[in-house]
Amino acid sequence: MANDQPIIFLVDDDELYLLRLKDHLTEKLAFAARILTYTSGEECLANLSMEPDIVVLDYYFTPNDSRNDKKLMNGIELIGRLKESAPNTHLIMLSTETDVEVANMAIKEGAKDYIIKYEYAPIQLQYLIGNIILNRKFTPKANYWKWGAIAIGVLFILMIIYLISGLKS
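Residues numbered from 1 in each chain as written. Predicted model: local features only at pLDDT ≥ 70, side-chain atom pairs only at ≥ 80, totals over all residues. Heavy atoms only, no water.

Caption draft 1: Focus on a nonpolar patch on the surface. A grouping of Trp147, Ile150, Val154, Leu155, Ile157, Leu158 and Ile161 is seen on the molecular surface, where their side chains present a nonpolar patch of about 710 Å² in accessible area. Mapped onto the elements of the fold, Ile150 is located in helix 5 (residues 121-168). Given the relative accessible area of 40%, Ile150 is considered partly exposed. (Patch = residues over 30% accessible without salt bridge, like charges linked within 9 Å, V, L, I, M, F, W, Y side chains within 5 Å. Areas by Shrake-Rupley, 256 points an atom, 1.4 Å probe, with all protein chains shown as cover. Salt bridge = Lys/Arg side-chain N within 4 Å of Asp/Glu carboxyl O. Helix = DSSP H or I, 4+ residues; strand = E, 2+ residues; numbered from the N terminus. Buried < 20%, exposed > 50% of the residue type's maximum accessible area, 1.4 Å probe, protein only.)

Caption draft 2: How the structure looks around the environment of Asp14. Mapped onto the elements of the fold, Asp14 is located in the loop between strand 1 (7-11) and helix 1 (15-28). Residue Asp14 is classed as partly exposed on the basis of its relative accessible area, which comes to 38%. A C-alpha to C-alpha distance of 9.0 Å links Asp14 and Thr62, two positions 48 residues apart in sequence.

Caption draft 3: Examining unusual backbone geometry more closely. For Glu51, which is not a glycine, the phi torsion comes out positive at approximately 50°. As for its placement among the helices and strands, Glu51 is situated in the loop between helix 2 (41-46) and strand 3 (54-57). Here Glu51 falls in the exposed class, since its relative accessible area comes to 62%.

Caption draft 4: Region of interest: the nonpolar core. Grouped together as the largest cluster of nonpolar side chains are 26 residues, with contacts concentrated most on Phe9, Val11, Val55, Leu57, Leu78, Leu82 and Met93. Of the residues forming this core, the biggest block, four residues, is contributed by helix 3 (residues 75-85). Excluding its chain neighbours within four sequence positions, the residues that come into contact with Leu78 are Val11, Gly41, Leu45, Leu57, Phe61 and Met73. By size, the runner-up hydrophobic cluster in this structure holds 19 residues, among which are Leu21, Leu25, Leu125 and Ile133. (Core = buried A, V, L, I, M, F, W, Y, C linked by side-chain atoms within 4.5 Å. Contact = heavy atoms within 4.5 Å.)

In structure tokens, the structure reads:
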């Protein structure tokens, strides 16, 4: 999280949906975030130098130009590439695909969450992103306190052992 502002990539070939989703998250998230949109997996991969905290991606990507025969990678392939290139990025698949096998493949490949696109999906995504960022923000502090408590406990035990060994002499 550069400058304490998380970077979120939204990847979907439906530009209108991307804009609506970006507007919703910008307005409703409880914190400021840098939200970037991409219409293909290739575009997303080309911008990984920004080190996104979260990537929300669709399963299907279709070329914008119907004359273009170039096969684009699907969301599962993109997840695989992202896991290699950005292993600390939280991956969320957001798709109209309701086939359980697709969801299982996405999770097996490395997605942490799978949300089916429906009327309330943006709200579900908003809360999920909020929890992810909150967890990332406080986990290091929680670990700091945990290790501090362990160190104090060890010192306390050593002090008791020292006192007990002194009483025996």
